[in-house]
Amino acid sequence: SPDFGINGVLDRFGQIQPQVLFCADGYYYNGKTCDSLERIRSVVAEINSLKAVVVVPLVNKAPDLQGISGGVLFDDFLDPAAEEVDFEQLPFDHPLYIMYSSGTTGVPKCIVHGAGGTLLQHLKEHQLMVDLGPDDILFYFTTCGWMMWNWLVSGLASGATLVLYDGSPFANDGQLLLDAIDAEGITIFGTSAKFISGIEKAGLKPRESHDLSSLNAILSTGSPLSHESFEYVYRDVKDDVLLASIAGGTDIISCFVGGCPTRPVYTGQIQCRALGMAVEFWDETGMPLKSGKGELVCKQSFPSMPIGFWNDDDGGKYHRAYFAQFDNVWCHGDYGELTAEDGAIIHGRSDAVLNPGGVRIGTAEIYRQVEKLESIVESIVIGQDWQDDVRVVLFVVLRDGEVLDEQLAQAVRVTIRENATPRHVPAKIIQVPEIPRTLSGKIVELAVREVVHGRPVNNVDALANPEALEHFADLTE
C-alpha cells in the first residue's frame, strides 16, 4: 500500500527478496496529493534483489524516475508486440500471495497462500455467503495492503463488476461513498465498523438523503460491529438490506464467521459460522463451550490454510503461530462466543483481553458500551499492570468542544456498569486527541499497552499515525 513508510516496506519486502516491484508515483488522500517516489528511491536502495521497478503514473503524467535503479514506466514495461497471454497450468497449491501480518508486535509474518485453496474459499464466501453473481457490483473500502483487497479482486471469478476507490472514506463529510452507491449502482457495499459508527456519530441518515435502491448487502469487518450500529443501519440506512458482520483474517485470507443471505440478522451478532469451517470456542483446557467466552478454534483443516511461512523450512514458525496452544488444532487468537441463535460474537483479540482480578474481559465488550455516548467519538482500552493485579484504563477521543469532566466520566462508568458488569468499569478514564491505528484502520491496543508500561514499540512503521502513541506516554494519571 502506498501509504506505508520506508521501514514498513523493508520489514515486509526485505524478507522475501523480490525481483520486480510495481508501484505508483503517488496517491490521493483527503484532498491531498502525496508523492511516493522519494520513498521508492529509499526502498530500492535497500533491496538489492530488484531487477526492475515498474512505475505506474497516477498523479503525474511523466514522473521523474531518476535515482530509481531499474526504473521503467508501466507503458514502456509492456511488450507492444504481445497479442496473447500464455496461461501456465500449475499445481493446486502453487503459491499465489504472500500476505503480511500487521507487524505491530514484531517483524511481520510472511504468510504464503496457495492459488487453489484461496480461490475455492473466496468463491464459497462470495457465491454462497454473500450471494454474489454476474449481475452484482461489488465494492469494499480497502487499501491494497489489507487482505480485503485480495478478497475483493476474487469477485471477478464470479463475474461481478468491481468498484475501486482511492482516498479517505470520510471525504465530503462521509457522503462520498454513499454517493458512490447510487452513482455506480453498488449492490454489495463493504466497509468497516468504524465507518458505520462514524457516519452515525456525524448524524447522517442515508435513507433520507440517498436512493440506495441497488443496495442488497452491507458487509462490515476490521473490528466488532456494535449493537448500536446494527440498529442504526436498519433504522437510518436501509431496512431491507443484509447487514453481515464478518471476521477472519490475513492468516486465512477469508472468514471464520460471516453472513448468510437466508438467515435472520440479530442485533450485535455475526450470523453464522462460515460454511465448511469447523469453528468452536474452547476454554483454557481445550473443552468446547456451548455458551460462554473462549478461544476461537477451527478443529479441521480448510482450503485456505496457509501453505506455510516464507523462510520457515521446518514449519516451526507456522506451528507456533497457530498450533502451539491446542495440539493440532488451529487457534486463531480471537476471543468470542457462540449465541443461542447459532451466531457468534467476537469480543476482541485474545492477546488484548483484559484480566482484572482474574476475570477475562474482551475489549469489544467495553467499546460496545462507550460508543452509546454521543460525546465520545472513539475509544481504546488496555489492561495496565497495577499493584500485583491488572486495572482497566480507558482512553477516549471526544467530539470537538467536549471536555472529559466528572459528569461525563460518571456517565461512562454508569453505562458500562449497567450494561456489562462492575469488573468492566475502568479504573481510569483519560482523554486523548487521537488513537493509533494500523494502515488498515485497526486500533492497536498492544502498542498502547507497551507505551503505557514504558516499553518500546518496535514496529511503528506498521501504524498509519505513529505520532499518536506519544499521547499515551508518561501520563500523570
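For the structure, check the block above.
Fair warning: this is a prediction, and the values are worked out from it, not measured in the lab.

Caption draft 1: Quick look at the overall build of the protein chain. Summing up its helical and strand segments, the protein chain has 13 helices and 23 strands in all. Taken along the three principal axes of its C-alpha coordinates, the protein chain extends 70 × 50 × 50 Å. Put simply, the protein chain has 477 residues, and 51% of those count as buried. Put simply, of all contacts in the protein chain between residues at least 6 apart along the chain, 65% involve residues at least 24 apart. For the protein chain, the accessible surface area stands at approximately 22,700 Å², while carbon and sulfur atoms represent 50% of it. Where the 35 positive side-chain charges of the protein chain centre and where its 66 negative ones centre are 7 Å apart.

Caption draft 2: Molecular detail of the sheet that holds strand β5 (residues 71–73). With respect to topology, 3 strands assemble into an open sheet ordered β1-β4-β5, the strand pairing being parallel. Lying at the two open borders of the sheet, with one neighbouring strand each, are β1 (20–24) and β5. Mean inter-strand twist for the sheet, computed between neighbouring axes without regard to direction, equals 25°. Sheet analysis places β1 next to strand β4 (residues 52–56), joined by 5 bridges and oriented parallel. Bridging across to β4, Cys23 finds its partner in Val55.

Caption draft 3: Helix α4 (residues 115–129), seen in detail. Taking 1.5 Å of rise per residue, the 15 residues of α4 would be expected to cover 21 Å, and the 20 Å separating its terminal C-alpha atoms lies within 8% of that figure. Buried residues in α4 make contact with β6 (95–100), β7 (110–114), α5 (147–153), β14 (254–258) and β15 (272–273). Phi turns positive one or two residues past the end of α4, at Asp131, with a value near 65°.

Conventions adopted
Residues numbered from 1 in each chain as written. Predicted model: local features only at pLDDT ≥ 70, side-chain atom pairs only at ≥ 80, totals over all residues. Heavy atoms only, no water. Helix = DSSP H or I, 4+ residues; strand = E, 2+ residues; numbered from the N terminus. Buried < 20%, exposed > 50% of the residue type's maximum accessible area, 1.4 Å probe, protein only. Contact = heavy atoms within 4.5 Å. Areas by Shrake-Rupley, 256 points an atom, 1.4 Å probe, with all protein chains shown as cover. Lys, Arg positive; Asp, Glu negative; His and termini not counted. Charge placed at Lys NZ, Arg CZ, Asp CG, Glu CD. Pairing = 2+ DSSP bridges. Axes fitted to C-alpha atoms, helices over the stretch in contact; angles between N-to-C directions. Expected span 1.5 Å × (residues − 1).

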